[in-house]
Amino acid sequence: MNPRLLLYITFILVHTQGFAQTIIHGKVLDEKGLPLPGANIQIKGSYDGATSKKDGSYQFETSETEDQVLVIKFLGFKTQELAITIAQSPHEVPTIELIEQITEMNSVTISAGAMEASDEKKAVVLRPLDIVTTSGAMGDIVGALQTLPGTSTVGNDGRLFVRGGDASEVGIYIDGLRVGNAYGSSTANVPTRTRFNPNIFKGTFFSTGGYSAEYGQALSSALSLNTKDHSLRTQGDLSIMSVGGGYAQTLANETQSISLTGNYFDLKPYQNLVKQDFDWERAPYGWDVELSAQQKLKKGGLVKVLARTEAGGMKLWQVQPGDDGRGMFVNLHNKYSYAQSNWRNSYDNGWSLFGGISVSSNKDALIIDTTPIERKTLLSHAKFTGIKDFSDRISMKVGAEYFIHNYSEQLKTENQQRSFGERETYLFTEWDWYLSKKLVLRGGLRAGNSQLAEQSWIDPRVSLAYQVSEFGQVSVASGQFHQLPIENFRVIDPTIGNSKAKHLILNYLYQKEGVMFRAETFYKSYDDLIRFEGTPTYPTLLRNAGSGYARGLDFFLRDRNSIKNTDYWISYSFVDSKRSYNQYETEVQPDFAPKHNFSIVVKHFIPTLKSQLGTTFTFNDGYTFTDPNESGEMNSKTKSYQSLSFSWSYLPKPNLIIHFAVQNVLGRENVFGYSYARQPNEQGVFESLPTGQPAPRFLFLGIFLTLSKDKTANNLNNL
């Protein structure tokens, strides 16, 4: 044969065999066995592939031979690679089942009891900006939270009361670390405020029950405040207010920022202009200095430092029922310091670590008539947590905490002192299982030990959420919670044990862009509440002998879409709460737990006037009290509490804000209860005095000026 012809035939045979086509076919399904049309199937490293049809089937030709890797992709599902050996044509690939990919953006979140879901972009209810622009709150964090469902307004106190629980049953945390004495010190019937400025926080997590196993020592609720990760720019902020003033200087670059703030307030000039119902010897005054710093680390970590020190006081005469004189003289001076540092970092292996320590120090120097009393509190908290994402479906959180709690009170004239020193240890773990993007289960355990009470306990907690529609979900939560008694009781009997509560919550949440609606029903049972003999001022013989319950429902609607340039929310709560506690021998409705609570907040922005107008109306059906002239305990009730507030924020220049607010515009005379004389008068009647507001209205005027290179920056940038 001609050699050239042989060479030509050999060339044709080789290339014909090289370009032989193999047919690849198969089917792509989801985890439930349903077809996935539109999935992309491709041989890795080549252009050979196809897209699955309506029934999930696919077919394509390839010139590749022997061992290959098939890559299957579909939006919303995990990419899968499958090794195949092409031995014949057609080649049938085993049925492929793609697993749904779960992310924060498409997954359901636990909402039972929580006023913010785990994903901040989805369910933040109140941001710092919301807090400072809520009429009636006067820039106080708790004042704004009192417009949310599940809370009660107790005007002569100022602390946070949740679902029939006392204010001491709410734990307050900053960056996950417990804050001791989070409210400013005050005397009886003079409302207090939280100590910290909303400007330093980036968001809040407020749980009205059934909260995470990460937190403890709170029978009712947890309020977690998260500080900013980094300041935006270098700027100075000057504030001049009707009650004082302050200045904050912030220095910032791409990796670190530091802010130093100083404030002074004095209500004496204001109260000289506005008549007060209280007989002030010296109106409330005080100063504070605060340092906040953030440092980004090279490997993605972040270190934060927060430190604050403050001092203040007040002097007043408290009229006593049946006394014709000025009454009892009270002189209070307070010193407080708080410091914390925390670190967090995330790693490529799926671990995220957090460590932090905080110290709270409080000293009250109190003179009642001529008797000097000194109270000191020191609370230290160390915490370490680790979060491990095993996959997009399973996540674990573990942690350990250690508390040092020292308290003392001294009657100086008689050199009498009593105190206690406590050491508490806690371990906790919590697991999230995403059974699908529509169904998530969270289970947790929290174990605690009190060295002083010689008591250990374990609290199981569980919650479940299911997405019932595109914008709606249902959640249920249940758990057990322990709390050691307040300091005033523990110093009498340091060995007194925990009180206990159990929560059961059912929640429905509807959330669409700009609109949120949530309805929630709950039941709480109480056991081992503190009962005592004696009086509230001088309790004796403490026992864990009380019990009770709280049940009810909440509704909340927030809408930022329906009315142009308007944001409003409406809250309603019904609480049926009874407990035997303190000196009460029967189960009574506590004086801090009104049955019906309603509030509406409206904010409307007028671009042409560069102004935001706001109004808040708050209502509850009144407070219970015991009238000794009648039989029984908690046998009477005040008239309803009502307050209408108004605010106006004006921006004449981009860096200048003028804010004016009036609390209780209509001047309604709200009464929170009555105090009675210890002994009846000659007619056998116990004389009384109402407990009310310091003044019919409270007026506030503030001017806030920002100084920076960016002339458009203002104080709102901090929020």
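For clarity, every value in this text was computed on a predicted model and none was experimentally measured.

With mixed pairing, 4 strands are arranged side by side in an open sheet as E12-E11-E14-E13. Two strands in the sheet have a free side with no partner beyond their single neighbour: strand E12 (177-178) and strand E13 (201-207). Pairing geometry for strand E11 (residues 170-174) and strand E14 (residues 221-227), over 5 bridges, is parallel. Considered in E14, the bridge of Val-170 is made with Ser-221.

The antiparallel open sheet is built from 4 strands, whose spatial order is E3-E2-E5-E6. Strand pairing shows two members of the sheet lacking a second neighbour, strand E3 (49-51) and strand E6 (80-86), which therefore form its edges. Going from strand to strand, the sheet's axes swing by 20° on average, the running direction of each strand aside. When strand E5 (residues 66-73) meets E6, the two strands line up antiparallel, connected through 7 bridges. What sits directly across from Ile-72, in E6, is Gln-80.

Once that is clear, we can look at the pairing of strand E25 (residues 439-450). Across 12 bridges, the pairing between strand E24 (residues 416-436) and E25 is antiparallel. Counterpart to Glu-424 in the pairing with E25 is Ser-450. As consecutive antiparallel partners, E24 and E25 are separated by 2 residues. Strand direction decides the pairing type here: E25 and strand E26 (residues 455-467), joined by 12 bridges, are antiparallel. Bridging across to E26, Ala-447 finds its partner in Ile-458. In this antiparallel pair of consecutive strands, E25 and E26, the connection spans 4 residues, and Glu-454 shows a positive phi of 50°.

What follows is about the pairing of strand E1 (residues 22-29). Strand direction decides the pairing type here: E1 and strand E4 (residues 57-62), joined by 6 bridges, are antiparallel. In the sheet register, Ile-24 faces E4, and the bridge partner there is Phe-60. Bridge count between E1 and strand E7 (residues 91-92): 2 bridges; the pairing is parallel. Residue His-25 lies in a different strand from E7, and its bridge partner there is Glu-92. In terms of strand pairing, E1 meets strand E8 (residues 96-97) through 2 bridges, oriented parallel. Bridge assignment links Val-28 to a residue of E8, and that residue is Ile-96.

Relative to the helices and strands, Gly-158 is located in the loop between strand E9 (151-152) and strand E10 (161-162). According to the relative accessible area criterion, Gly-158 is buried, its value standing at 14%. Separated by 407 residues in the primary sequence, Gly-158 and Asn-565 place their C-alpha atoms 31 Å from one another. Among residues more than four places away in sequence, those in contact with Gly-158 are Val-142, Gln-146, Tyr-183, Pro-191 and Thr-192.

Criteria and thresholds
Residues numbered from 1 in each chain as written. Predicted model: local features only at pLDDT ≥ 70, side-chain atom pairs only at ≥ 80, totals over all residues. Heavy atoms only, no water. Pairing = 2+ DSSP bridges. Helix = DSSP H or I, 4+ residues; strand = E, 2+ residues; numbered from the N terminus. Axes fitted to C-alpha atoms, helices over the stretch in contact; angles between N-to-C directions. Buried < 20%, exposed > 50% of the residue type's maximum accessible area, 1.4 Å probe, protein only. Contact = heavy atoms within 4.5 Å.

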